[in-house]
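# Observations on chain architecture
Spelled out, the chains give:
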Amino acid sequence: MSGLEEIPDDVISGLEEMSTEPGSGLEELPDDVFEERQRPVRESSKIKMVAAMDFGTTYSGYAFKLIGIENHKNIYVKSWNEEAGGGCLPSENAPTCVLLEANGDFKSFGYTAEREFSECEDQKNWRFFKHFKMILHRDEGLCSKTTIKDSNGKEISARLVFTHCIKFMKDDLMKMVERKKVDTEFKTENIRWVITVPAIWEEPAKQFMREAAREAGIEGDNLLLALEPEAASIYVKEMNVEVHTDMNQSRLSAFSPKTKYMIVDLGGGTVDVTVREVLPDRSLKEITKASGGAWGGLHVNQRFYQFIEDLVGNKLMEKFREQHPAAQLDLEREIEQKKRNLTGDEQNRILINLPGELIELFEKTKGKSLSDFATSSGRYREKLEMKFEKLRMSLDVTMDMFKPAVDSILRHVEELVSDPLTKGLKNIILVGGFSDCKIIQKAMREKFKDFRVVIPQEAGLAVLQGAVLFGENPLIVSERVSPFTYGTRQLRYFLDGDPPEYRTEIDGAPFCKNVFNVLARSGQTFRVGQRVTTEVSPVKPNQTVMPVNVYQSNNPDQMYVDDDCREIGTMIVDMPDTTGGLDRIVDVSLAFGDTELHVTGRDRSSKEKVSVTIDLLKNN
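These figures come from a predicted structure and were not determined experimentally.

About the criteria used
Residues numbered from 1 in each chain as written. Predicted model: local features only at pLDDT ≥ 70, side-chain atom pairs only at ≥ 80, totals over all residues. Heavy atoms only, no water. Core = buried A, V, L, I, M, F, W, Y, C linked by side-chain atoms within 4.5 Å. Buried < 20%, exposed > 50% of the residue type's maximum accessible area, 1.4 Å probe, protein only. Helix = DSSP H or I, 4+ residues; strand = E, 2+ residues; numbered from the N terminus. Contact = heavy atoms within 4.5 Å. Salt bridge = Lys/Arg side-chain N within 4 Å of Asp/Glu carboxyl O. Phe/Tyr/Trp six-rings, centres within 6.5 Å; stacked < 30°, edge-to-face > 60°. Lys NZ or Arg CZ within 6 Å of the ring centre and 35° of its normal. Pairing = 2+ DSSP bridges. Axes fitted to C-alpha atoms, helices over the stretch in contact; angles between N-to-C directions. Nonpolar A, V, L, I, M, F, W, Y, C, P; charged D, E, K, R; others polar. pLDDT = per-residue confidence, 0-100. Polar contact = N/O pair within 3.5 Å; in protein donor to acceptor, adjacent residues only side chain to side chain. Parallel < 35°, antiparallel > 145°, perpendicular 65-115°, else oblique.

Here is a general trend for soluble globular proteins: nonpolar side chains tend to be buried in one another's company. Met262, Ile428 and Met444 are the most contacted members of the largest nonpolar core, which totals 57 residues. Among the elements that line this core, the one with the most residues is helix H12 (residues 395–417), at 10 residues. Sequence-distant contacts of Met444, that is, excluding residues within four places in its chain, are made with Ile409, Leu410, Val413, Ile428, Leu430 and Val453. Membership of the second largest hydrophobic core comes to 50 residues, among which are Leu142, Val161, Ile195 and Ala199.

For the structure shown, the criterion picks out 30 salt bridges. The closest approach of N and O atoms between Lys78 and Asp172, which form a salt bridge, is 3.4 Å. In this pair, Lys78 sits in strand E4 (residues 75–78) while Asp172 sits in helix H4 (residues 158–179), placing the two residues 94 residues apart along the sequence. The class of Lys78 is buried, set by a relative accessible area of 3%. Residue Arg159 pairs with Glu215 through a salt bridge whose shortest N-O separation is 3.1 Å. Within this pair, whereas Arg159 is found in helix H4, its partner Glu215 is found in helix H5 (residues 203–215), the two being separated by 56 residues in sequence. Residue Arg159 is classed as buried on the basis of its relative accessible area of 14%.

Take the packing of aromatic side chains next. For the structure on display, the rule yields 19 aromatic pairs. Arranged with centres 5.6 Å apart and planes meeting at 15°, the rings of Phe55 and Phe162 form a pair that is stacked. Of this pair, Phe55 sits in strand E2 (residues 49–55) while Phe162 sits in helix H4; the two residues are 107 residues apart in sequence, bridging distant segments of the chain. Comparing Phe55 with Phe162, the two get one shared label, buried. An angle of 80° between the planes, with centres 6.2 Å apart, marks the rings of Phe484 and Tyr486 as edge-to-face. Pair check on accessibility: Phe484 and Tyr486 agree, each one buried. An aromatic cluster is built from Tyr62, Trp80, Phe106, Phe109 and Phe168, whose rings are joined through pairwise contacts. Directly above the aromatic system of Trp80 lies the positively charged group of Lys78, at a separation of 5.0 Å from the ring centroid. Looking at Arg503, its charged tip hangs above the ring of Phe494, at a distance of 5.3 Å from the centre.

In sheet architecture, strand pairing relies on hydrogen bonds along the backbone and comes in two forms, parallel and antiparallel. In space, the 6 strands of this open sheet follow the order E26-E27-E25-E30-E31-E35, with antiparallel pairing throughout. At either margin of the open sheet sits one strand with a lone partner, and together these are strand E26 (503–506) and strand E35 (612–615). Strand-to-strand twist of the sheet, defined as the mean angle between neighbouring strand axes without regard to direction, takes the value 40°. Strand direction decides the pairing type here: strand E31 (residues 565–574) and E35, joined by 4 bridges, are antiparallel. Its bridge partner being in E35, Ile572 is matched across the sheet by Thr613.

Let us look at the sheet that holds strand E20 (residues 384–387). Here we have 3 strands laid out as an open sheet, ordered E19-E21-E20, and antiparallel in their pairing. The sheet terminates laterally at strand E19 (350–353) and E20, the two strands that pair on one side only. For this sheet, the mean angle separating the axes of adjacent strands, direction not counted, is 25°. Sheet topology places E20 next to strand E21 (residues 390–393); 4 bridges connect them, and they run antiparallel. Paired with Leu384 across the bridge in E21 is Met393.

Right, let's get into unusual backbone geometry. Backbone geometry places His131, a non-glycine residue, at a positive phi of 60°. Structurally, the position occupied by His131 is in the loop between strand E8 (126–130) and strand E9 (147–149). For His131, a relative accessible area of 30% translates into the label partly exposed. Although it is not a glycine, Arg282 adopts a positive phi angle of roughly 70°.

Between helix H3 (residues 110–119) and helix H9 (residues 325–340), the least distance of the axes is 8 Å, while the angle of their chain directions is 140°. Here Tyr111, Glu114, Arg115 and Ser118 of H3 lie close against H9, whose contacting residues are Pro325, Ala326, Leu329 and Arg333. Counted by class, the contact of H3 with H9 contains 4 nonpolar, 1 polar and 3 charged residues.

This next bit is on the confidence of the model for the protein. For the protein, per-residue confidence averages 84 on the pLDDT scale, and residues scoring 70 or more make up 86% of the total. Counted against residues more than four places away or in other chains, residues 1–41, with its pLDDT under 50, gives 98 contacts. This model gives residues 244–251 a pLDDT under 50, and the stretch forms 19 contacts once residues within four places in sequence are excluded.

Attention now moves to the side chain of Gln552. Relative to the helices and strands, Gln552 resides in strand E30 (residues 545–553). A polar contact of 3.0 Å, which involves the side chain of Gln552, links it to the side chain of Glu202. Those residues within four positions of Gln552 in sequence are excluded, and the remaining contacts are Glu202, Phe484, Thr485, Tyr486, Cys565, Arg566 and Ile568.

Put simply, helix H7 (residues 297–312) and helix H10 (residues 356–366) touch, their axes get as near as 11 Å, and they point 25° apart. Considered as vectors, H7 and H10 are oriented roughly parallel to each other. On the side of H7, the interface is formed by Ile308, Leu311 and Val312, while H10 contributes Leu358, Phe362 and Lys366. Among the residues forming the contact of H7 with H10, the class breakdown is 5 nonpolar, no polar and 1 charged.

Structure (C-alpha cells):
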C-alpha cells in the first residue's frame, strides 16, 4: 500500500495567479511592501512542492502537491487505513498522539503510538501524550519553557512534544513523495511547508508552533501558518464540492464574486468561525474577525466518558485504565464512532459497546452485575439499561452530552448572522471532523432555516486541502480583519480627562504615562502587505538596542495601558549607530494583514534597514 489518496485535479481549479493590474481588486503596492509580505517564505518561482500539515487537537493529517511537474497535478493525501487496522473508521487522519521513551526520545505517532502504548507491559517506562494541543489555546502563561503532563502525570517540555510530532509528519511526508518516484530533486528551498492553526489562537501560540517547526527542521523562510477556517474557505470557494443533503447528494458550485459565506470549522478542540466575501478578482476578503471557542467534539467525548465513569465509579475506572489499556483505547474509539454516527434502536436509544474487561471488573469489585446495578439504581433506572455488554442510553441522556457544545455553537453563529457586516450571507458551510456529527447537522439546519447549511462530503479534509492551495498561492486571501487591538505604551503631554494617577512631570511639564499607542484596532480590515508604522527612539544616548512592549486588547477604543489589556511580547529594535545620541528614530513597520504579525525597521536618518524582532514567548 502506498498510503496515498489522489484528489483529482479538476477539483483544484481557480488558482489563477493574482493580478495587480488596475481594476483587478488588488491595490498596487510598493515593491518594499511585497518584499515584507513575502519575507517569511521563499519566492514562489523556486517552489516545486507544497506540503501541508493539519495539526489537530484530536486528529492530524498531511498532504502535498507538486508544482509544475507533469503527470503530478493532484493533491496527495496520506491514508492511515493500514496503520489504523480493522477496528477504526477509514480515515485520512491519525490520532494526534505521540509515544516517547523515558528519556524523551521519539518512539511513534498516531495509531501506532496508541497501539504500542496500550500493549506495553510497563507503561510507567513510557511517555504518552494525547489531546495536548489545547494547551496553546488562550494560555496567557505560554512561554518557551511551558510543560505538559504525560499520561502518568510527569511533566516534559511542551515544545519538545510538538517538535517530535511535526518532525514525524515532515519525515513521513517526504517518504510519501519518494514513493511517487518523481524525477525531481527537492532541495530545502524548493519546498513550502504549511501548518494549520486555529484562527482564534493568539500571536504567542503561533510563534510557539513556528519555533517547534524550526526545531523539527523546517526553516522560517520555508514555512507558512494557515488559519484553519481560512484554509477551508479557500478550498470551498472554487470547488465543485459534493455536499450532504437530507435526502440525497448535490453539488456546491464555485462561488461567484460578491458572494458572502460562513465557514464553521468544527474541530476536536476548538470551533473556528469565519465569514468571507469573494472579490471581483476572486481573491477572498475576511468580513468579520476570527471568532469561536473551545466547543469542539472532544468535549462531547469527555462528557460521554464522564457519564460512564460516574456509572461505574471513579476508583474502578482508574483501575480499569491501569489494568486494561487496550480495552480503554477501544472504549475511546467506540465513543468517537458513536458521536459521529448516532443511530438509535427502535426505541431511539443509543447503544455503546462497553469493554468486557470493564464489565467483569465491575462485577468482581461490586459483587453484582452492571446490568442489575443500572436496573436497581434510582439514578439510572430511567436513563439506561445494560444488555449483552451494550449500554443503552436514552435519547435525553445522549442529547445532554451534546447540549453545552451545541448551544455554544448555535448562539455564536446566531450572533454572527445578526451582525450587519454579514448582511447578504446565504451559505453556512460546516467543515472539520465534528461536522460529521448528525446532531450538530440537524441542530444547525433547524436553527438556521433561512440559510443554506451544507456539509462537504470530505468535510474533514477541507482544512488540509485548503492549506495546500494556500501554500500554492498565499495571495489568494487579500484582506484580513484584526482580531485584537494592538499597541505600545506611550508618554505624551497630559490632557484634560486623562486619569490623574497617570500624571507625571518631566522638567516641570505635565505628561501622561501609560498611554495606549494604537497600531491596529479590533475589527479593522488590513490588506495583505499593508503596514502600520510607529517611531521608536532610545531613552539613553548610548543605547544600541531598544525594547518595546506590545499589548493587546479586545476593546477597539483602548486608550490606556490598564487592566483591560495585557502584554503579549516585546519588540527588540536594533539601534547600533549611537552618533545621534537621543536624536535617533527608527521607523518600525508592522504588517497585520497576514496570518502572523511581521515587523521590519528602517533608520530614519540613514534610510538603512535595521533588525527588528518580536518575542511573543516569555522565557521565564
